[in-house]
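# Secondary and tertiary structure notes
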Amino acid sequence: MASSSGNDDDLTIPRAAINKMIKETLPNVRVANDARELVVNCCTEFIHLISSEANEICNKSEKKTISPEHVIQALESLGFGSYISEVKEVLQECKTVALKRRKASSRLENLGIPEEELLRQQQELFAKARQQQAELAQQEWLQMQQAAQQAQLAPEIALETRQETGAVTPGGGEVRLIHVKTSS
Amino acid sequence: MAAAAAGSGTPREEEAPGGEAAATQAQAPTTAPGARLSRLPLARVKALVKADPDVTLAGQEAIFILARAAELFVETIAKDAYCCAQQGKRKTLQRRDLDNAIEAVDEFAFLEGTLD
């Protein structure tokens, strides 16, 4: 929902995200609503605090963009050094994922199989599938015919079956044609 | 950055954790240690960082780790507050427990005066 009077300073982390984190940290603990509200605000303040400090560190380093290193230094200088090791894990994962993504995209481009060949393979697969479908349909048709013949030879059995299942049996009633589309 | 939580100040209950459009981030939360999936919507974290007029640019990875740090902060302060509640022999965490935790921990001094 976009608010037309959206003021940047009213931004907070969404309550639901905070609730989830509290729940995971303190499962089975009841938390008062105003306490939750306070956590939301504290979290926001924390982000402002760290980013502000990181920004200063960034400016001093004559770089234009706040880097992870700046954030880490900010955490250290503000007394949150204990967060650093876990935070560094995130960084590691970032790099790993970025690397994987780059590898994956280059792998796809260099598959080595030209497009016409891929197209040809696709057509082959389609043809094979159609053939299998046709054969299957043929088999089913044969089976039904056989069943119909048997029913004619042994009507009592057919009668029993009909009474049991209430189904319409071939030979005695209509023959249901299973129409299978075979496009050539 | 995905527009999952762009700009709006109103919390959405259906908010998916992690708004980053990274391929590996699923909608389902994972609790693997060091999981890259942050519980906090990254677009919102970025918006908060940019709300500071002094900040010009923040890199994507910096936002990631800041989000993770904020998570750790929430976990820490929640646990600290819970200790206070337990000392008071209460099972429900209340606002005053947070206030006590803030007072007790030096690093949380920046929170003093954080009003509702």
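Here the structure is a predicted model, which is why all the values come from computation and not from measurement. (Residues numbered from 1 in each chain as written. Chains lettered and ligands numbered in written order. Predicted model: local features only at pLDDT ≥ 70, side-chain atom pairs only at ≥ 80, totals over all residues. Heavy atoms only, no water.)

## So, the overall build of chain B
Broken down by element type, chain B carries 3 helices and 2 strands. Listing every helix and strand of chain B by position from the N terminus yields α-β-α-β-α. A buried classification covers 48% of the 116 residues belonging to chain B. Within chain B, counting contacts between residues at least 6 apart in sequence, those at least 24 apart form 30% of the total. (Helix = DSSP H or I, 4+ residues; strand = E, 2+ residues; numbered from the N terminus. Buried < 20%, exposed > 50% of the residue type's maximum accessible area, 1.4 Å probe, protein only. Contact = heavy atoms within 4.5 Å.)

## Thoughts on the overall build of chain A
From N to C terminus, chain A includes 6 helices and 2 strands. Secondary structure elements of chain A, listed N to C terminal, follow the sequence α-β-α-β-α-α-α-α. Long-range contacts, defined here as pairs at least 24 residues apart, represent 42% of the contacts in chain A between residues at least 6 apart. Element-wise, carbon and sulfur atoms account for 51% of the exposed surface of chain A, whose accessible area totals about 12,900 Å². (Areas by Shrake-Rupley, 256 points an atom, 1.4 Å probe, with all protein chains shown as cover.)

## Observations concerning the pattern of salt bridges
Under the definition given, this model contains 8 salt bridges over all chains. A salt bridge links B:R90 to B:D97, with the shortest nitrogen-to-oxygen separation between them at 2.8 Å. In this structure B:R90 comes out as partly exposed when scored by relative accessible area, which is 21%. Residue B:D97 is classed as buried on the basis of its relative accessible area of 0%. When salt bridges with common partners are traced through the structure, they connect A:E86, B:R68 and B:E71 into a single cluster. (Salt bridge = Lys/Arg side-chain N within 4 Å of Asp/Glu carboxyl O.)

## Some points on unusual backbone geometry
Although it is not a glycine, A:E62 adopts a positive phi angle of roughly 60 degrees. Relative to the assigned elements, A:E62 resides in the loop between α2 (33-60) and β2 (65-66). Judged by its relative accessible area of 75%, A:E62 is exposed. A positive phi angle, near 60 degrees, is found at B:K89, a position not held by glycine.

## Here's the deal with the nonpolar core
Ranked by internal contacts, the top residues of the largest apolar core, which has 63 residues, are A:I13, A:I18, A:F46, A:I47, A:V71, A:L75 and B:F73. Mapped by element, the contributors of at least two residues to this core are α1 (15-25), α2, α3 (68-77) and α4 (84-109) of chain A together with α1 (42-50), α2 (60-87) and α3 (95-104) of chain B. Per-element tally for this core: the top contributor is α2(B), with 15 residues. The contacts of A:F46, once residues within four sequence positions are left out, are A:L75, A:F80, A:Y83, B:A69, B:A70, B:F73 and B:F110. (Core = buried A, V, L, I, M, F, W, Y, C linked by side-chain atoms within 4.5 Å.)

## A closer look at the interface of chain B and chain A
Chain B puts 66 residues into the contact, and the matching count from chain A is 60 residues. Summing both sides of the interface, chain B and chain A together bury roughly 5,700 Å²; the carbon and sulfur share of this comes to 72%. At the surface where chain B touches chain A, the tally comes to 2 salt bridges. There are 8 residue pairs in polar contact (both at pLDDT 80 or more) connecting chain B and chain A. Listing elements by their share of the side of chain B that touches chain A, those giving two or more residues are α1, β1 (57-58), α2, β2 (92-93) and α3 of chain B. (Buried area = accessible area lost by both parts, 1.4 Å probe. Polar contact = N/O pair within 3.5 Å; in protein donor to acceptor, adjacent residues only side chain to side chain.)

## What to know about the confidence of the model for chain A
Residue and element names in this part refer to chain A. With 78% of its residues at a pLDDT of 70 or more, chain A has an overall mean of 83. Looking at the elements of chain A, mean pLDDT is at its lowest for helix α6 (residues 155-165), recorded as 59, and at its highest for α3, recorded as 96. In this model residues 166-170 is a low-confidence stretch, pLDDT under 50, and it forms 10 contacts with partners more than four residues away in sequence or in other chains. (pLDDT = per-residue confidence, 0-100.)

## So, the packing of α1(B) against α2(B)
Residues and elements named next belong to chain B. Interhelical geometry of α1 versus α2 gives an angle of 100 degrees and a closest axis separation of 10 Å. Comparing their axes, α2 and α1 come out roughly perpendicular. Seen from α1, the contacting residues are L42, V45, K46 and V49; seen from α2, they are I63, F64, L66 and A67. Broken down by class, the residue content of the contact of α1 with α2 amounts to 7 nonpolar, no polar and 1 charged. (Axes fitted to C-alpha atoms, helices over the stretch in contact; angles between N-to-C directions. Parallel < 35°, antiparallel > 145°, perpendicular 65-115°, else oblique. Nonpolar A, V, L, I, M, F, W, Y, C, P; charged D, E, K, R; others polar.)

## Points about α2(B)
The end-to-end C-alpha distance of α2(B) is 41 Å, a good match for the 40 Å that 28 residues give at a rise of 1.5 Å each. Positioned one or two residues after α2(B), B:K89 has a phi angle of 60 degrees, which is positive. (Expected span 1.5 Å × (residues − 1).)

## Remarks on the environment of A:Q73
All names here are of chain A. Relative to the helices and strands, Q73 is located in helix α3. When its relative accessible area of 37% is taken as the criterion, Q73 is described as partly exposed. Sequence spacing of Q73 and A54 is 19 residues, and the spatial spacing of their C-alpha atoms is 7.2 Å.

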